[in-house]
Amino acid sequence: MDTVERHIRWVTFSAFKERFGKFEEVLEPGCHFLPWILGYRCAGKLSLRLQQLDVECQTKTKDYEFVSVAAYVQYRALADKAIDAFYKLSNTSNTRRQIETYMIHAIKASVAKLNLDDALERKDEIAKAVEDELKKVLHS
């Protein structure tokens, strides 16, 4: 295990130190000196804590009935992939909005194949489809 992984594994909040725009190290919580004149800066921070996202969307079933679906997902950045999560997801304007979009897409795709009665009975299958879609997209 390299030093970056050791640093990230024990903290719930990480900051990323760069020198002239190139990643240098993960900063643990505390007071740090980053002399800007030498090119150092704090690139940003990332929470490794569990977070919850609530999504509500309306979609149409196979028999043209409109249903309102409320879904909740809990997510967190994996400690061993925190650097990738920060640099890949922080470039987007809003990480939560990106996850919400994937969830809405998966819900609409699942519910559109079912009749109203089937959609109410197969909530677990819809939840599994959303989970699989998020895993496929976010673990790549």
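Residues numbered from 1 in each chain as written. Predicted model: local features only at pLDDT ≥ 70, side-chain atom pairs only at ≥ 80, totals over all residues. Heavy atoms only, no water.

**Looking at the pairing of strand β1 (residues 13-19)**
Rule in force here: Buried means the residue's accessible area, taken with a 1.4 Å probe over protein chains only, is under 20% of the maximum for its type, while exposed means over 50%, and partly exposed covers the values in between. To qualify as a helix, a DSSP run of H or I must reach at least 4 residues; to qualify as a strand, a run of E must reach at least 2; elements of each kind are numbered from the N terminus. One bridge is not enough; two strands pair if DSSP finds at least two bridges between them.
The buried fraction of β1 amounts to five of the seven residues, a majority that puts the element mostly inside the structure. Relative to strand β2 (residues 22-27), β1 runs antiparallel, the two being bridged by five bridges. Counted as the bridge partner of Arg19 is Lys22 from β2. Here β1 hands over to β2 after two residues, with Phe20 in that stretch at a positive phi of 55°.

**A word on the packing of helix α3 (residues 95-111) against helix α5 (residues 123-138)**
So the rule is basically this: To get an axis, fit a line to the C-alpha atoms, keeping to the stretch in contact for a helix; angles then go from 0 to 180 degrees between the N-to-C directions. For classification, angles of less than 35 degrees are called roughly parallel, those exceeding 145 degrees roughly antiparallel, those between 65 and 115 degrees roughly perpendicular, and all remaining angles oblique. Whether a crossing is left-handed or right-handed is set by the direction in which the near helix is turned from the far one by less than a right angle, anticlockwise for left-handed and clockwise for right-handed. Between two residues, a contact is recorded if the distance between any of their heavy atoms is within 4.5 Å. All residues other than Ala, Val, Leu, Ile, Met, Phe, Trp, Tyr, Cys, Pro, Asp, Glu, Lys and Arg, Gly among them, are scored as polar; the first ten of these are nonpolar and the last four charged.
Contact geometry for α3 and α5: axes closest at 9 Å, N-to-C directions at 140°. By the angle between their axes, α3 is oblique relative to α5. Where α3 crosses over α5, the two elements pack in a sense that is right-handed. Residue-level contacts link Ile99, Tyr102, Met103, His105, Ala106, Ile107, Ser110 and Val111 of α3 to Ile126, Ala129, Val130, Glu133, Leu134, Val137 and Leu138 of α5. Split by residue class, the contact of α3 with α5 holds twelve nonpolar, two polar and one charged.

**Looking at the sheet that holds β2**
Strand order across the open sheet formed by three strands is β2-β1-β3, with antiparallel pairing between neighbours. With partners counted over all chains shown, the strands left at the sheet margins are β2 and β3 (40-47), one partner each. Between one strand axis and the next, the sheet turns by 30° as a mean value, whatever way the strands run. Two strands pair when backbone bridges link them, and β1 and β3 are joined in this way by seven bridges, in the antiparallel orientation. Paired with Phe16 across the two strands is Gly44, which belongs to β3.

**A word on α3**
Inclusion rule: Any helix carries an expected span of 1.5 Å times its number of residues minus one. Starting at the helix axis, one direction is taken to each C-beta atom, and the arc is that of these directions.
Taking 1.5 Å per residue as the helical rise, α3 with its 17 residues ought to reach 24 Å, and the 25 Å between its terminal C-alpha atoms agrees with that figure. For α3, the set of buried residues is Ile99, Glu100, Met103, Ile104, Ala106, Ile107, Ser110 and Val111. For α3, the arc enclosing every buried residue in end-on projection is 165°, short of the 170-degree limit, so these residues lie on one face. Of the surrounding secondary structure, the elements contacted by the buried residues of α3 are β4 (51-60), β5 (66-75) and α5.

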